[in-house]
Amino acid sequence: MPYFRRNVPLPDCDYAMKDILEQLETRREGARKGGGERRIEAQHKRGKLTARERIVLLLDKDSFEEFDMFVQHRAVDFGMDKAEKIPGDGVVTGWGTVNGRTVFVFSKDFTVFGGSLSETHAQKIIKIQDMALKMRAPIVGLFDAGGARIQEGVAALGGYGEVFKRNVQASGVIPQISVIMGPCAGGDVYSPAMTDFIFMVRDTSYMFVTGPEVVKTVTNETVTSEELGGAKVHTSKSSVADGSFENDVEALLQVRRLLDFLPANNTAGVPEWPSFDVPDRVDMSLDTLVPDNPNKPYDIKELILKTVDEGDFFEIQQAYAGNIVTGFGRVEGRTVGIVANQPMVLAGVLDSDASRKAARFVRYCDAFEIPIVSLVDVPGFLPGTAQEYGGLIKHGAKLLFAYSECTVPLVTIITRKAFGGAYDVMASKHIGADVNYAWPTAQIAVMGAKGAVEIIFRGGDAETIARQTKEYEDRFMSPFVAAERGYIDEVIMPHSTRRRIARALAMLRTKSVERPWRKHDNIPL
Ligand code: HXC
C-alpha cells in the first residue's frame, strides 16, 4: 500500500483509497481535539497542558504509539445516550520510549467529561496495565480527573476495582509512577496510592478522597482544595506524594530523569549509563566534613553529591522527614539507592516519619534489585510521648524489618554517631549488611558518653562524672571497639569514600542470598 502522510497524498494513490485514508486522518484529527478548542483553551488558561501535550513531553520525540483512539463510552443513563461521544473517552493511552527504553503511559484528558473514569475509559487503562506487565516495562499515569464518571455509577466503580487489582499485581514487578497534574479525587486517588512514586504539580494539582464540599458537610471544616490536598500538604504533611514540581513541563522532565535511574522490571537489573566520573575519584574536602565538635551539624547531602557519579542525585520525599535523606544516584554508571541520616535536621534522629519514609524506600530498592548505600550519623530514636503514642516502636520496626529482609547489596558508611538501637537498624552488619565501613570520626556506642556516665555513676560528684566521661569517650566514642569485633570491616579515609563504595559494589554484583519459602512476610504495617 502506498505510504500516506498527512496532507501529502501520493500521486499513484487511486481516488477511493485516497478518500479512505483522508477519512482516517479526519477521524484522527477529531480525536486529537479531545473535548474541543474551548476546553483546551480553558486547560491552558489554568497553566495546564493537555493530555497529549504531556505525553509528547514525557516520551522521546515521535516515539508515542497510541492505542484505542476511537474508543467511546457506551453509557445511556442520565442523558448519556444523547451526550456527545468523544473519541478516546477521556484518556489517552499507549506506549513510547524514554531515552530509548520502553514505557507505557496513560494520560487523563480533563477536556473530556473532566477526565472522569467510565467503563470504557477503565478498559483502556487496564489494557495498558496488562501490556506493561506482560512486557515487564514501567508504566506512567498522568492524572487530571474528577473521579468516577458519575453518570455510569457502578460500572465506573467496577472499572476502578480492575485498575486497582492490576496496580497490586504489578507492584514489585514493574515500576509504576503517578503524576498528579490537576484535580485527582474519589477513585482516582487510590490507584496512584498503590504505585511506587507519586509526583504533583504545585498550585494546579490536588488529591483527596472527598473534596471540600463533602468535608464541610460531614465535619463542618472549611478548607480550600489546596489546603485539603495540594502539593504542599502531600509532600510535607501526609507524605502521600514523593515530590512536587513547579509546572507540567518540569514534572514531566523530572519523571524522565527518574525513569533513567529505574530498572525496567524486578529482574532486568539496574540500567547502566556511560559515566565520565572515574570510580576512584578522591575528594580531600571530605576529610574535614565532620566538625570537631560532635554536636555540630553538617550537611550529609554534601557527602552524597561528592560520592555519586557527576553529583547527580534524585531525591525522594525531600520535603518530608528531612532528618533522613533518600534517593537515587549512580556509581560507575549503575543505580544505587542512598539512605542517609541528616545531622542538619533534628540532629539526624530516627523518628516515626523518618523510619516510615526510609523503610518504604529500602523496600523499593530491594524489590527492584537496586543496591543500597547507607550513610549513618544517628544519635538514636527520638524519645517522647508524641513519638511513643504515635507508634514509634512499630514505625521504627518497619525500617529494621525492611533492611533485614534485603537481599540486595548493602554498603554502610558510619561517618559519626551510630548510637543505640539506631546503630543496629541503620544497615548494621548484624542485620545483613555486606560491607560496613566507618570514618575515623565514627562513634559507635549504646549512647553518648555524658548520658552513659550519668546513668552508670548516678549521684557521682562532678569530678567523677567528668573523669568517667573522658574515659568512656576514649574507650567507646570511636569506630575501633566495633572494628575489633569485625562489626566494621575497615576504618576508611573520608576522602576515599567514593572509591571504597565503588569497589564494594563491584565486588557485590554477584551477591546471591537464599531465603526459606514463604507466601509473604508480615512487615509491621
Ligand atoms: C462526569 C464530570 C465529572 C465526573 C467533572 N465532570 N467531574 N463528569 N463525572 N466525575 C465534567 C463536568 O461536568 C464538566 O463538564 C467538566 O467535567 C469539567 O468540570 P468542572 O466542574 O467544570 O471543572 P472544575 O470547576 O475545574 O472542577 C473539577 C472538579 C469537579 C473538582 C473535578 O468537576 C468535581 O468536583 N467533580 C466531581 C468529583 C467527584 O465527586 N467525583 C466522583 C468521586 S466518587 P463540561 O461538559 O461542563 O465540560 C468516586 C468513587 C470511586 O470516584 C471510589 C472507588 C474506590
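This is a predicted model, so every value here is computed, not measured.

Draft legend 1. Local environment of helix α17 (residues 462–476). Here α17 spans 21 Å end to end across 15 residues, near enough to the 21 Å set by a 1.5 Å rise per residue. Here α17 has its buried residues at T464, I465, Q468, T469 and Y472. All buried residues of α17 fall inside an arc of 130 degrees around its axis, so they share one side. Exposed and facing more than 90 degrees away from the buried side of α17 are E463 and D474. Next to the buried residues of α17 lie α16 (449–456). Where α17 begins, one side-chain oxygen reaches toward the backbone nitrogen of E463, 3.1 Å away; that side chain belongs to D461.

Draft legend 2. Inspection of the packing of aromatic side chains at higher detail. Taken as a whole, this structure holds 14 aromatic pairs when the rule is applied. Grouping aromatic residues by their ring pairs yields a cluster made of F197, F199, F245, F261, F314, F328, F361, Y364 and F368. If you follow R330 out to its NZ or CZ, it ends over the ring of F261, 3.9 Å from the centre.

Draft legend 3. Region of interest: the site of the ligand. Near the ligand, the surroundings consist of 19 residues, among which R39, R46, G146, A148 and G187 are the closest. One nitrogen or oxygen atom from the side chain of R39 is found 2.8 Å from an oxygen atom belonging to the ligand. Here a nitrogen atom of the ligand sits 3.4 Å away from a polar atom, N or O, in the side chain of S116. Starting from 1,000 Å² of accessible surface for the ligand in isolation, the protein chains cover 55%. If you tally residues by element for the shell around the ligand, the top one is helix α5 (residues 154–170), at three residues. Split into classes, the residues belonging to the shell around the ligand amount to nine nonpolar, seven polar and three charged.

Draft legend 4. Structural detail: the pattern of salt bridges. This structure, assessed with the given rule, holds 34 salt bridges. R166 serves as the salt-bridge partner of D130, at 2.8 Å between the closest nitrogen and oxygen. Here D130 is found in helix α4 (residues 119–135), whereas its partner R166 is found in helix α5, with 36 residues between them in sequence. Given the relative accessible area of 31%, D130 is considered partly exposed. A salt bridge links E272 to R334, with the shortest nitrogen-to-oxygen separation between them at 3.1 Å.

Draft legend 5. Up close: the layout of surface pockets. Here the largest pocket defines a volume of roughly 1,100 Å³. If you go around the largest pocket, you meet 34 residues; those closest to its centre are S171, T195, R360, R363 and L525. Of all the secondary structure elements, the ones that give two or more residues to the lining of the largest pocket are α5, α6 (187–193), β6 (197–201) and α12 (352–367). If one sorts the elements of the lining of the largest pocket by residue count, α12 sits on top with ten residues.

Draft legend 6. The arrangement of a nonpolar patch on the surface in detail. On the surface, a cluster of nonpolar side chains totalling about 260 Å² of accessible area is made up of M344, V345 and L346. Position of M344 relative to the elements: it lies in the loop between β11 (334–341) and α12. Look at M344 and you get partly exposed, because its relative accessible area is 48%.

Draft legend 7. Representation of the side chain of Q176. Among the structural elements, Q176 can be located in strand β5 (residues 176–185). A relative accessible area of 2% means that Q176 is categorised as buried. In contact with Q176, other than residues within four places in its own chain, are I139, R166, N167, A170, S171, M194, T195, D196 and F197.

Draft legend 8. Here's a closer look at the environment of L259. Secondary-structure assignment places L259 in helix α10 (residues 248–261). Overall, the relative accessible area of 2% leaves L259 in the buried class. Through-space distance from the C-alpha of L259 to that of G187 is 26 Å; in sequence the pair is 72 residues apart. Once residues lying within four places of it in the same chain are set aside, the contact partners of L259 are V98, R101, V103, P138, V140 and I177.

Rules used in this analysis
All residue numbers refer to positions counted from 1 along the written sequence of the respective chain. Predicted model: local features are reported for residues with pLDDT of at least 70 only, side-chain atom pairs are reported and counted for 80 or more only, and whole-chain, interface and lining totals are derived from all residues. Only hydrogens and water are removed before side-chain values are computed, so all heavy atoms of the structure are retained for them. Numbering of helices and strands runs from the N terminus, with a helix taken as a DSSP run of H or I at least four residues long and a strand as a DSSP run of E at least two residues long. Under the convention used throughout, the expected extent of a helix is 1.5 Å for every residue step, that is, one less than its residue count. Buried residues are those whose accessible area, probed at 1.4 Å on protein chains only, stays under 20% of the maximum for their type, while exposed residues exceed 50% and partly exposed ones sit between those limits. What the arc measures is the spread of directions leading from the helix axis to the C-beta atoms. Here, residues are in contact when the closest pair of their heavy atoms is within 4.5 Å. Think of a polar contact as two N or O atoms within 3.5 Å of one another; within protein, one of them needs to be a possible hydrogen donor and the other a possible acceptor, and neighboring residues in sequence only count if both atoms come from side chains. Any two of the Phe, Tyr and Trp rings considered here, Trp counted by its six-membered ring, make a pair once their centres fall within 6.5 Å; the pair's planes then place it as stacked at under 30 degrees, edge-to-face at over 60, or tilted in between. To sit over a ring, a charge needs its Lys NZ or Arg CZ within 6 Å of the ring centre and within 35 degrees of the ring normal. By convention in this text, a residue qualifies as near a molecule or strand provided that one of its non-hydrogen atoms is within 4 Å of it. For the area figures, the Shrake-Rupley method with a 1.4 Å probe applies, and any residue is considered shielded solely by the protein chains shown. Under the grouping applied here, Gly and all other residues not named as nonpolar or charged are polar, the nonpolar ones being Ala, Val, Leu, Ile, Met, Phe, Trp, Tyr, Cys and Pro and the charged ones Asp, Glu, Lys and Arg. Basic side-chain nitrogens of Lys or Arg form a salt bridge, by our definition, when they fall within 4 Å of a carboxyl oxygen of Asp or Glu. Two kinds of site are reported from a 1 Å grid over the protein atoms alone, namely cavities, where a 1.4 Å probe fits but cannot get out, and pockets, open sets with protein on both sides within 12 Å along at least five of seven lines, and residues are called lining when an atom falls within 4 Å of a point. Grid points are joined across faces, edges and corners, and a volume is the space filled by probe spheres set on the points. For patch building, the residue pool is restricted to those with more than 30% relative accessible area and no salt bridge; the joining distance is 9 Å between like charges and 5 Å between nonpolar side chains (Val, Leu, Ile, Met, Phe, Trp, Tyr).

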